[in-house]
Amino acid sequence: MVERDKVGRAIAHGILLLGVLVVAFPVYVTLIASTQTSQQIVQTVPMSLAPGGHMIETYRVALFGGETSYGSKVAPVAPMLWVSFVSAMVIAIGKIAISLLSAFAFVYFRFPGRGLCFWMVFITLMLPVEVRILPTYQVISDLSMLNSYAGLTVPLIASATATFLFRQFFLTIPDELVEAARIDGAGPIRFFKDVLVPLSMTSVAALFVIQFIYGWNQYLWPLLVTTDESMYPIVMGIKRMFAGGDAANEWNVIMATAILAMIPPALVVLLMQKWFVKGLVDTEK
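Here's a quick rundown of the structure.

Conventions we followed
Residues numbered from 1 in each chain as written. Predicted model: local features only at pLDDT ≥ 70, side-chain atom pairs only at ≥ 80, totals over all residues. Heavy atoms only, no water. Helix = DSSP H or I, 4+ residues; strand = E, 2+ residues; numbered from the N terminus. Buried < 20%, exposed > 50% of the residue type's maximum accessible area, 1.4 Å probe, protein only. Contact = heavy atoms within 4.5 Å. Areas by Shrake-Rupley, 256 points an atom, 1.4 Å probe, with all protein chains shown as cover. Lys, Arg positive; Asp, Glu negative; His and termini not counted. Charge placed at Lys NZ, Arg CZ, Asp CG, Glu CD. 1 Å grid on protein atoms, 1.4 Å probe; cavity = no way out; pocket = protein on both sides within 12 Å on 5 of 7 lines; lining within 4 Å. Points joined across faces, edges and corners; volume = space filled by probe spheres on them. Nonpolar A, V, L, I, M, F, W, Y, C, P; charged D, E, K, R; others polar. Phe/Tyr/Trp six-rings, centres within 6.5 Å; stacked < 30°, edge-to-face > 60°. Core = buried A, V, L, I, M, F, W, Y, C linked by side-chain atoms within 4.5 Å. Expected span 1.5 Å × (residues − 1). Bend = angle between axes of the 7 residues up to and from the residue.

Let us look at the overall build of the protein chain. Within the protein chain, the secondary structure is distributed over 15 helices and 2 strands. Principal-axis analysis of the C-alpha atoms places the extent of the protein chain at approximately 75 × 70 × 35 Å. Taken across its 285 residues, the protein chain has 36% of its residues classed as buried. In the protein chain, of all internal contacts separated by at least 6 residues, the share reaching a separation of at least 24 is 70%. When the accessible area of the protein chain is evaluated, it comes to approximately 16900 Å², of which 70% is carbon and sulfur surface. Positive and negative side-chain charges in the protein chain, numbering 18 and 17 respectively, have mean positions lying 5 Å apart.

Structural data, given as C-alpha coordinates:
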(Lines give C-alpha, C1' and ligand atoms only; values in the text may rest on other atoms or scores of the structure.)
Protein backbone atom coordinates (compact mmCIF):
# COMPACT_ATOMS: atom_id res chain seq x y z
CA MET A 1 0.00 0.00 0.00
CA VAL A 2 2.84 2.35 0.89
CA GLU A 3 4.64 1.55 -2.36
CA ARG A 4 1.45 2.18 -4.30
CA ASP A 5 1.05 5.58 -2.63
CA LYS A 6 4.65 6.46 -3.52
CA VAL A 7 4.07 5.51 -7.14
CA GLY A 8 0.84 7.51 -7.26
CA ARG A 9 2.52 10.58 -5.79
CA ALA A 10 5.41 10.22 -8.24
CA ILE A 11 3.01 10.04 -11.18
CA ALA A 12 1.02 13.04 -9.90
CA HIS A 13 4.18 15.09 -9.40
CA GLY A 14 5.43 14.07 -12.85
CA ILE A 15 2.19 15.23 -14.47
CA LEU A 16 2.30 18.53 -12.55
CA LEU A 17 5.94 19.07 -13.55
CA LEU A 18 5.08 18.40 -17.19
CA GLY A 19 2.24 20.91 -17.00
CA VAL A 20 4.53 23.54 -15.49
CA LEU A 21 7.08 22.98 -18.24
CA VAL A 22 4.42 23.32 -20.95
CA VAL A 23 3.18 26.60 -19.45
CA ALA A 24 6.61 28.02 -18.54
CA PHE A 25 8.48 27.22 -21.76
CA PRO A 26 6.84 29.98 -23.89
CA VAL A 27 7.58 32.46 -21.09
CA TYR A 28 11.19 31.31 -21.03
CA VAL A 29 11.49 31.71 -24.80
CA THR A 30 10.00 35.21 -24.55
CA LEU A 31 12.47 36.15 -21.82
CA ILE A 32 15.45 34.77 -23.76
CA ALA A 33 14.35 36.56 -26.95
CA SER A 34 14.22 39.85 -25.05
CA THR A 35 17.94 39.51 -24.27
CA GLN A 36 18.99 39.10 -27.91
CA THR A 37 18.98 41.38 -30.93
CA SER A 38 16.35 41.27 -33.66
CA GLN A 39 18.95 40.00 -36.13
CA GLN A 40 19.81 37.06 -33.86
CA ILE A 41 16.15 36.15 -33.44
CA VAL A 42 15.28 36.35 -37.15
CA GLN A 43 18.45 35.01 -38.74
CA THR A 44 19.21 32.15 -36.31
CA VAL A 45 17.04 29.10 -37.00
CA PRO A 46 16.19 27.71 -34.56
CA MET A 47 16.60 30.61 -32.17
CA SER A 48 19.23 30.12 -29.50
CA LEU A 49 17.78 29.31 -26.08
CA ALA A 50 20.83 30.74 -24.30
CA PRO A 51 20.57 34.24 -22.78
CA GLY A 52 21.97 37.05 -24.89
CA GLY A 53 23.93 40.11 -23.83
CA HIS A 54 21.49 42.89 -24.78
CA MET A 55 18.96 42.66 -21.95
CA ILE A 56 19.54 46.04 -20.32
CA GLU A 57 19.60 47.88 -23.64
CA THR A 58 16.42 46.16 -24.88
CA TYR A 59 14.42 46.85 -21.72
CA ARG A 60 15.64 50.45 -21.63
CA VAL A 61 14.39 50.99 -25.19
CA ALA A 62 11.11 49.21 -24.39
CA LEU A 63 10.43 51.22 -21.23
CA PHE A 64 11.58 54.68 -22.25
CA GLY A 65 11.53 54.52 -26.06
CA GLY A 66 14.36 55.28 -28.44
CA GLU A 67 15.99 54.14 -31.65
CA THR A 68 16.33 50.43 -32.34
CA SER A 69 19.00 48.50 -34.20
CA TYR A 70 16.96 48.88 -37.41
CA GLY A 71 16.93 52.65 -36.99
CA SER A 72 13.20 52.81 -36.25
CA LYS A 73 11.74 54.71 -33.30
CA VAL A 74 9.91 52.85 -30.54
CA ALA A 75 7.27 54.50 -28.37
CA PRO A 76 7.92 54.21 -24.62
CA VAL A 77 6.04 51.47 -22.82
CA ALA A 78 6.16 53.04 -19.33
CA PRO A 79 3.10 55.32 -19.95
CA MET A 80 1.16 52.33 -21.32
CA LEU A 81 1.96 50.34 -18.18
CA TRP A 82 0.67 53.22 -16.08
CA VAL A 83 -2.57 53.46 -18.07
CA SER A 84 -3.12 49.71 -17.71
CA PHE A 85 -2.36 49.82 -13.97
CA VAL A 86 -4.72 52.71 -13.27
CA SER A 87 -7.47 51.14 -15.38
CA ALA A 88 -7.09 47.72 -13.73
CA MET A 89 -7.11 49.22 -10.21
CA VAL A 90 -10.17 51.39 -10.88
CA ILE A 91 -12.06 48.51 -12.49
CA ALA A 92 -11.19 46.05 -9.69
CA ILE A 93 -11.92 48.42 -6.79
CA GLY A 94 -14.99 49.86 -8.51
CA LYS A 95 -16.49 46.44 -9.24
CA ILE A 96 -15.96 45.29 -5.65
CA ALA A 97 -17.35 48.47 -4.09
CA ILE A 98 -20.47 48.59 -6.25
CA SER A 99 -21.08 44.84 -5.92
CA LEU A 100 -20.78 44.96 -2.11
CA LEU A 101 -23.28 47.81 -1.88
CA SER A 102 -25.74 46.30 -4.34
CA ALA A 103 -25.60 42.87 -2.67
CA PHE A 104 -26.09 44.56 0.72
CA ALA A 105 -29.19 46.33 -0.59
CA PHE A 106 -30.66 43.17 -2.13
CA VAL A 107 -30.23 41.11 1.06
CA TYR A 108 -30.89 43.52 3.94
CA PHE A 109 -33.37 46.04 2.55
CA ARG A 110 -37.03 45.35 1.81
CA PHE A 111 -38.38 47.32 -1.11
CA PRO A 112 -40.98 46.65 -3.83
CA GLY A 113 -39.62 44.69 -6.78
CA ARG A 114 -36.46 43.62 -4.96
CA GLY A 115 -36.43 40.17 -6.56
CA LEU A 116 -37.20 41.59 -10.01
CA CYS A 117 -34.36 44.13 -9.70
CA PHE A 118 -31.91 41.41 -8.72
CA TRP A 119 -32.85 39.18 -11.63
CA MET A 120 -32.66 42.12 -14.02
CA VAL A 121 -29.08 42.62 -12.86
CA PHE A 122 -28.31 38.91 -13.01
CA ILE A 123 -29.75 38.43 -16.51
CA THR A 124 -27.14 40.82 -17.91
CA LEU A 125 -24.73 37.87 -17.67
CA MET A 126 -26.57 36.37 -20.64
CA LEU A 127 -25.79 39.36 -22.86
CA PRO A 128 -22.46 39.01 -24.66
CA VAL A 129 -20.14 41.99 -24.78
CA GLU A 130 -20.67 42.43 -28.52
CA VAL A 131 -24.40 43.04 -28.02
CA ARG A 132 -23.98 46.02 -25.70
CA ILE A 133 -20.68 47.43 -26.89
CA LEU A 134 -22.10 49.75 -29.58
CA PRO A 135 -24.75 51.43 -27.39
CA THR A 136 -22.16 51.72 -24.60
CA TYR A 137 -19.75 53.39 -27.00
CA GLN A 138 -22.51 55.80 -28.09
CA VAL A 139 -23.15 56.81 -24.48
CA ILE A 140 -19.44 57.30 -23.77
CA SER A 141 -19.08 59.37 -26.93
CA ASP A 142 -22.10 61.56 -26.08
CA LEU A 143 -20.64 62.18 -22.60
CA SER A 144 -17.27 63.21 -24.12
CA MET A 145 -15.44 60.46 -22.25
CA LEU A 146 -13.36 59.18 -25.16
CA ASN A 147 -9.59 59.12 -24.59
CA SER A 148 -10.01 59.33 -20.81
CA TYR A 149 -9.62 57.07 -17.80
CA ALA A 150 -13.35 57.42 -17.16
CA GLY A 151 -14.12 56.11 -20.64
CA LEU A 152 -11.74 53.18 -20.15
CA THR A 153 -13.11 52.14 -16.76
CA VAL A 154 -16.66 53.32 -15.98
CA PRO A 155 -18.45 51.05 -18.52
CA LEU A 156 -16.58 48.02 -17.13
CA ILE A 157 -17.18 48.63 -13.43
CA ALA A 158 -20.63 47.07 -12.98
CA SER A 159 -20.46 43.31 -12.32
CA ALA A 160 -23.46 41.02 -12.02
CA THR A 161 -21.18 38.09 -11.14
CA ALA A 162 -19.62 39.83 -8.13
CA THR A 163 -23.04 41.05 -6.99
CA PHE A 164 -24.37 37.50 -7.13
CA LEU A 165 -21.37 36.08 -5.21
CA PHE A 166 -21.60 38.68 -2.43
CA ARG A 167 -25.37 38.24 -2.22
CA GLN A 168 -24.99 34.50 -1.76
CA PHE A 169 -22.40 35.06 0.96
CA PHE A 170 -24.53 37.62 2.81
CA LEU A 171 -27.43 35.14 2.83
CA THR A 172 -25.27 32.72 4.87
CA ILE A 173 -24.68 35.25 7.68
CA PRO A 174 -26.79 34.24 10.72
CA ASP A 175 -29.76 36.42 11.59
CA GLU A 176 -28.54 36.41 15.21
CA LEU A 177 -25.53 38.48 14.13
CA VAL A 178 -27.81 41.03 12.51
CA GLU A 179 -29.99 41.18 15.64
CA ALA A 180 -26.95 41.55 17.90
CA ALA A 181 -25.67 44.47 15.83
CA ARG A 182 -29.12 46.07 15.93
CA ILE A 183 -29.32 45.69 19.73
CA ASP A 184 -25.89 47.31 20.05
CA GLY A 185 -27.25 50.31 18.21
CA ALA A 186 -25.51 49.73 14.88
CA GLY A 187 -27.27 51.27 11.93
CA PRO A 188 -27.20 49.84 8.40
CA ILE A 189 -24.01 51.66 7.35
CA ARG A 190 -22.15 50.73 10.54
CA PHE A 191 -23.29 47.10 10.24
CA PHE A 192 -22.08 47.06 6.65
CA LYS A 193 -18.73 48.71 7.46
CA ASP A 194 -17.89 46.95 10.75
CA VAL A 195 -19.43 43.50 10.21
CA LEU A 196 -20.10 42.62 6.59
CA VAL A 197 -16.97 44.06 4.97
CA PRO A 198 -14.50 42.41 7.44
CA LEU A 199 -16.29 39.08 7.03
CA SER A 200 -16.09 39.43 3.24
CA MET A 201 -12.35 40.17 3.02
CA THR A 202 -11.36 36.75 1.66
CA SER A 203 -14.00 36.99 -1.07
CA VAL A 204 -12.93 40.57 -1.76
CA ALA A 205 -9.30 39.49 -2.15
CA ALA A 206 -10.19 36.66 -4.54
CA LEU A 207 -12.39 38.94 -6.64
CA PHE A 208 -9.73 41.67 -6.64
CA VAL A 209 -7.19 39.32 -8.23
CA ILE A 210 -9.66 38.16 -10.87
CA GLN A 211 -10.91 41.66 -11.69
CA PHE A 212 -7.43 43.20 -11.74
CA ILE A 213 -6.31 40.68 -14.36
CA TYR A 214 -9.58 41.24 -16.24
CA GLY A 215 -8.97 44.99 -16.32
CA TRP A 216 -5.29 44.62 -17.18
CA ASN A 217 -5.97 42.39 -20.20
CA GLN A 218 -8.67 44.59 -21.75
CA TYR A 219 -8.15 45.07 -25.49
CA LEU A 220 -11.43 45.38 -27.39
CA TRP A 221 -12.92 48.23 -25.34
CA PRO A 222 -9.73 50.37 -25.24
CA LEU A 223 -9.39 49.78 -28.98
CA LEU A 224 -12.74 51.53 -29.48
CA VAL A 225 -12.55 54.40 -26.99
CA THR A 226 -8.91 55.48 -27.39
CA THR A 227 -7.35 57.21 -30.36
CA ASP A 228 -4.71 59.16 -28.44
CA GLU A 229 -1.47 57.21 -28.00
CA SER A 230 -1.05 58.60 -24.48
CA MET A 231 -4.13 56.59 -23.44
CA TYR A 232 -3.12 53.25 -24.97
CA PRO A 233 -2.92 50.37 -22.47
CA ILE A 234 -0.06 47.90 -22.67
CA VAL A 235 -2.04 45.23 -24.54
CA MET A 236 -2.77 47.67 -27.36
CA GLY A 237 0.86 48.78 -27.29
CA ILE A 238 2.05 45.24 -27.96
CA LYS A 239 -0.34 44.86 -30.89
CA ARG A 240 0.75 48.15 -32.47
CA MET A 241 4.41 47.10 -32.37
CA PHE A 242 3.82 44.58 -35.15
CA ALA A 243 4.77 46.46 -38.31
CA GLY A 244 4.56 43.75 -40.96
CA GLY A 245 6.87 40.91 -41.93
CA ASP A 246 9.36 39.29 -39.56
CA ALA A 247 12.24 41.43 -40.79
CA ALA A 248 10.35 44.67 -40.07
CA ASN A 249 9.49 43.84 -36.45
CA GLU A 250 11.73 44.57 -33.49
CA TRP A 251 11.12 41.17 -31.93
CA ASN A 252 13.43 41.72 -28.97
CA VAL A 253 11.55 44.89 -27.98
CA ILE A 254 8.21 43.17 -28.51
CA MET A 255 9.26 40.27 -26.30
CA ALA A 256 10.59 42.65 -23.64
CA THR A 257 7.27 44.50 -23.68
CA ALA A 258 5.41 41.19 -23.31
CA ILE A 259 7.53 40.33 -20.25
CA LEU A 260 6.88 43.77 -18.75
CA ALA A 261 3.14 43.27 -19.34
CA MET A 262 3.25 39.95 -17.45
CA ILE A 263 4.96 41.30 -14.34
CA PRO A 264 2.17 43.36 -12.63
CA PRO A 265 -0.58 40.69 -12.80
CA ALA A 266 1.93 38.02 -11.81
CA LEU A 267 2.95 40.10 -8.78
CA VAL A 268 -0.69 40.60 -7.80
CA VAL A 269 -1.30 36.84 -7.93
CA LEU A 270 1.87 36.04 -5.97
CA LEU A 271 1.32 38.68 -3.28
CA MET A 272 -2.35 37.77 -2.79
CA GLN A 273 -2.09 34.04 -3.40
CA LYS A 274 -2.94 33.09 0.18
CA TRP A 275 -6.03 35.30 0.29
CA PHE A 276 -7.02 34.29 -3.24
CA VAL A 277 -7.00 30.56 -2.45
CA LYS A 278 -8.72 31.10 0.87
CA GLY A 279 -11.44 33.15 -0.76
CA LEU A 280 -12.13 30.36 -3.28
CA VAL A 281 -12.06 27.34 -0.96
CA ASP A 282 -12.74 28.57 2.56
CA THR A 283 -16.29 27.78 3.65
CA GLU A 284 -15.98 28.80 7.30
CA LYS A 285 -16.44 32.51 6.75
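There is more to say after this.
Quick look at empty space enclosed by the protein now. Over the atoms, a rolling probe the size of a water molecule traces out where space has been left empty. Following the criterion strictly, the structure yields 1 cavity of 30 Å³ or more and no others. Approximately 80 Å³ is the volume attributed to the largest cavity. Looking at the largest cavity, the residues that line it are Val 83, Ser 84, Ser 87, Ile 91, Leu 152, Leu 156, Gly 215, Trp 216, Gln 218, Trp 221, Pro 222 and Pro 233. Per-element tally for the lining of the largest cavity: the top contributor is helix α4 (residues 78-108), with 4 residues. Considered class by class, the residues forming the lining of the largest cavity number 8 nonpolar, 4 polar and no charged.

Applying the stated criterion to the full structure yields 17 aromatic pairs. Measuring from ring centre to ring centre gives 6.3 Å for Tyr 108 and Phe 170, while their planes differ by 50°; the resulting arrangement is tilted. Taken together, the positions of Tyr 108 in helix α4 and Phe 170 in helix α8 (residues 160-171) put the pair 62 residues apart, joining distant regions of the chain. Judged by its relative accessible area of 21%, Tyr 108 falls in the partly exposed class. Consider the rings of Phe 166 and Phe 170, whose centres lie 6.3 Å apart with planes at 25°: the pair is stacked. Placement of the pair is Phe 166 and Phe 170 together in helix α8, with a separation of 4 residues, close to one helical turn. With respect to class, Phe 166 is no different from Phe 170; both count as buried.

Let's shift gears to the nonpolar core. The tendency in soluble globular proteins is for nonpolar side chains to be buried as a group. Core analysis: the largest hydrophobic core is formed by 47 residues, its most contacted members being Phe 166 and Phe 170. Discounting chain neighbours no more than four positions away, the residues touching Phe 170 are Leu 100, Ala 103, Phe 104, Val 107, Tyr 108, Leu 196 and Ser 200. If you look at the next biggest cluster of nonpolar residues, it comprises 10 residues, including Ile 91, Met 145, Trp 221 and Met 231.

Space inside the largest pocket adds up to approximately 700 Å³. Looking at the largest pocket, it is lined by 23 residues, and the ones nearest its centre are Lys 95, Arg 132, Pro 155, Ala 158 and Tyr 214. Among the elements of the structure, α6 (129-142), α8, α11 (201-216) and α12 (220-225) are those that each provide at least two residues to the lining of the largest pocket. Of the residues forming the lining of the largest pocket, the biggest block, 4 residues, is contributed by α6.

The subject of this paragraph is the environment of Phe 64. Along the chain, the position of Phe 64 falls in helix α3 (residues 55-64). We classify Phe 64 as exposed; its relative accessible area is 60%. Through-space distance from the C-alpha of Phe 64 to that of Gly 53 is 19 Å; in sequence the pair is 11 residues apart.

Look at helix α14 (residues 251-271): 30 Å from first C-alpha to last across 21 residues, which is about the 30 Å you get at 1.5 Å a residue. Its axis deflected by about 25° at Ile 263, α14 carries its strongest bend there, up to four residues before the proline Pro 264. The complete set of buried residues in α14 reads Trp 251, Asn 252, Val 253, Ile 254, Ala 256, Thr 257, Ala 258, Ile 259, Leu 260, Ala 261, Pro 265 and Val 268.

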